[in-house]
Amino acid sequence: MGIYVANTQQSRQAGNTNTHSDKPYAEFSSQRSEAVSQRYLQHTANNSAQLQPLHETKKLVNNSLKGKKSSQLQAMAKSHSAVLQRYPTVDDSGREDAVIYIIYENDGATDGSNIKYVGQTTISREFSRFQEHTRVDSWAPWHIDATPTGLDYTVDRRLWNYDYDVVEVLKNVTKFETTVAEQWWLEHYLTKGAKLLNDSTPCRLSSFNKRSGNASLYDPKNIGVPSNYKPSMTAK
């Protein structure tokens, strides 16, 4: 699975000025999100580096009683995520490596119409965050109890009803910068007609105006967005 890296230092070394007004992370302007659906197919390939956590989870759960499936997943997600770092708030100036991810319906669509959710997390929580979604989002179609018989995430990954994919890796960014990047992706997919199920807007214009002038929280070059970018859409 290919993932994109927004790294200001690398961009500068490559002579990239990040001046594209229509796409952030301009160093990948020819590949951006249009290639996301193609990476869905790569997600099911035998990429041991990317799929190892899933194989481990599958092995652990399959070795347990079938009736324990949901509780096992919940317990693993809880214990795994408890030891991982999270950003405190959008007003914190601490920096971490982060990812923007999507949750999509695994129906074979290649036009992006199956994208249902845009989210963010620290890079160390990429997999455990999806586990949390499957056990916590009781309102969502990817929840383990979304159907009368339940969704089975212990089977071959190609048979999952819903899956996730990383669309962006952000290096050494603040929580607010990550949130702005998440907002950009949400707007991108909404513009393309995606029926997102996000129940909240990552970065409303009021929040952006309040914090974007604080250099310790936000530098558009760190995430590659144009300097004049401002949030213009809401989740619902």
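Once a new chain begins, its residue numbering starts again from 1 and follows that chain's sequence as written. The predicted nature of this model means local features are confined to residues of pLDDT at least 70 and side-chain atom pairs, given and counted, to a pLDDT of 80 or more, with totals for whole chains, interfaces and linings taken over all residues. With hydrogens and water excluded, all non-hydrogen atoms of the structure serve as input to the side-chain values.

Draft legend 1. Layout of the pattern of salt bridges. We define a salt bridge as a contact between a side-chain nitrogen of Lys or Arg and a carboxyl oxygen of Asp or Glu at a distance within 4 Å. Summed over all chains, the structure comprises 8 salt bridges. For R125, the salt bridge identified is with E132, shortest N-O distance 2.6 Å. When a residue's accessible area, from a 1.4 Å probe over protein chains only, is under 20% of the maximum for its type it is buried; when over 50% it is exposed; and in between it is partly exposed. What makes R125 buried here is its relative accessible area of 3%. With a relative accessible area of 7%, E132 lands in the buried category. When the shortest N-O distance is used, the salt bridge between D219 and K221 registers 3.4 Å. Several salt bridges converge on common partners, so that one network encompasses R125, R129 and E132.

Draft legend 2. Representation of the packing of aromatic side chains within the structure. A pair of Phe, Tyr and Trp rings is counted when the ring centres sit within 6.5 Å of each other, with Trp represented by its six-membered ring. The angle between the planes then sorts it: under 30 degrees is stacked, over 60 is edge-to-face, the rest tilted. Under the counting rule described, the total for this entry stands at 14 aromatic pairs. Arranged with centres 5.7 Å apart and planes meeting at 70°, the rings of Y117 and W142 form a pair that is edge-to-face. Note that Y117 is positioned in strand β3 (residues 115-122) and W142 in the loop between α5 (126-136) and β4 (162-173), a separation of 25 residues in sequence. On the basis of relative accessible area, Y117 is assigned to the buried category, the value being 12%. For W142, a relative accessible area of 0% corresponds to the buried category. Arranged with centres 6.3 Å apart and planes meeting at 35°, the rings of F176 and F208 form a pair that is tilted. Of this pair, F176 sits in helix α6 (residues 175-191) while F208 is found in helix α7 (residues 205-211), placing the two residues 32 residues apart along the sequence. Ring-pair connections join several aromatic residues into one group, and the members of that group are Y101, Y117, W139, W142 and Y162. Numbering of helices and strands runs from the N terminus; a helix is a DSSP stretch of H or I covering at least four residues, while a strand is a stretch of E covering at least two.

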